[in-house]
Amino acid sequence: MEAVAHDLAVSRATLYRVVGSRDRLLGEVLWRLAAGALDQARDRRTSDGIEGVIEVVRDFARRMLATRPLRAFVAAEPETATRVLVTVHRRGIAAISALFDEVGLGKRGPFDGAATGLVDDPERVAYLLIRIVESLCFAELAGTRPDLELTEQTVRGLLVQACTPRQSRLARLRGAAMCLVWTSIPEALLAESRLPLVLAGA
């Protein structure tokens, strides 16, 4: 902070009064880096839907992994990096939620099988996606190496699940009832009657 104050030609007291704390200042720097990389990745997107999100994630992750000052910061101050990450989550969730709308994965009804989009809460999905990408960009904090392929697979799995229509309660009850019927009727009765045809709608 002393070096920053010197470069800005202000006192440390003035700097702390403006930025609040070192962690807050680092959070702003991290967000600027992330927001810039995300904007560039969104501008380069060529696909819609899940593939569009994967495209953006891939481009963003490569940019962040190639940012040497960020890598040096994570290596030198892992505990600070962990604290600072929390300060940018809310803005990241808003940005990813906006991306979902851009690629046509806006919110839809949980039982709407005709439309394409998220059936889960977009903010919840955005939060999970951010945590997955963080585990790639800050893999060193967990003592592992970044694995972009694994990250893409995990994000794809998350989005496919989040876009899969849910069965209605009535459909689940009907399925359970049919299972109960088939498991409770004696096999001999099924073989000697038309019950299977009746149940099948014949």
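Structural data are supplied above this passage.
An account of the accompanying structure is given in this report.

With that out of the way, let us pick up the pattern of salt bridges. A side chain with one charge may pair with a side chain of the opposite charge, provided their charged atoms come close. For the structure shown, the criterion picks out 10 salt bridges. The closest approach of N and O atoms between Arg-71 and Glu-140, which form a salt bridge, is 3.1 Å. With Arg-71 in helix 5 (residues 68–76) and Glu-140 in the loop between helix 8 (122–137) and helix 9 (148–162), this residue pair connects regions lying 69 residues apart in the sequence. Under the relative-accessibility criterion, Arg-71 is labelled buried at 16%. Bridged by salt links that share partners, the residues Arg-44, Asp-59 and Arg-63 form one connected network.

The terminal C-alpha atoms of helix 7 (residues 89–102) lie 20 Å apart, and with 14 residues this matches the ideal 20 Å at 1.5 Å per residue to within 8%. Listing the buried residues of helix 7 in full gives His-89, Gly-92, Ile-93, Ala-95, Ile-96, Ser-97, Leu-99 and Phe-100. At its buried positions, helix 7 is contacted by helix 3 (22–43), helix 4 (49–65), helix 6 (78–86), helix 8 and helix 9. Immediately beyond the C-terminal end of helix 7, within one or two residues, lies Gly-104, with a positive phi of roughly 85 degrees.

Okay, the side chain of Ser-97 next. With respect to the helices and strands, Ser-97 occurs in helix 7. Given the relative accessible area of 14%, Ser-97 is considered buried. Ignoring sequence-local partners within four residues, the contact set of Ser-97 consists of Pro-122, Glu-123 and Ala-126.

Cut-off values and rules
Residues numbered from 1 in each chain as written. Predicted model: local features only at pLDDT ≥ 70, side-chain atom pairs only at ≥ 80, totals over all residues. Heavy atoms only, no water. Salt bridge = Lys/Arg side-chain N within 4 Å of Asp/Glu carboxyl O. Helix = DSSP H or I, 4+ residues; strand = E, 2+ residues; numbered from the N terminus. Buried < 20%, exposed > 50% of the residue type's maximum accessible area, 1.4 Å probe, protein only. Expected span 1.5 Å × (residues − 1). Contact = heavy atoms within 4.5 Å.

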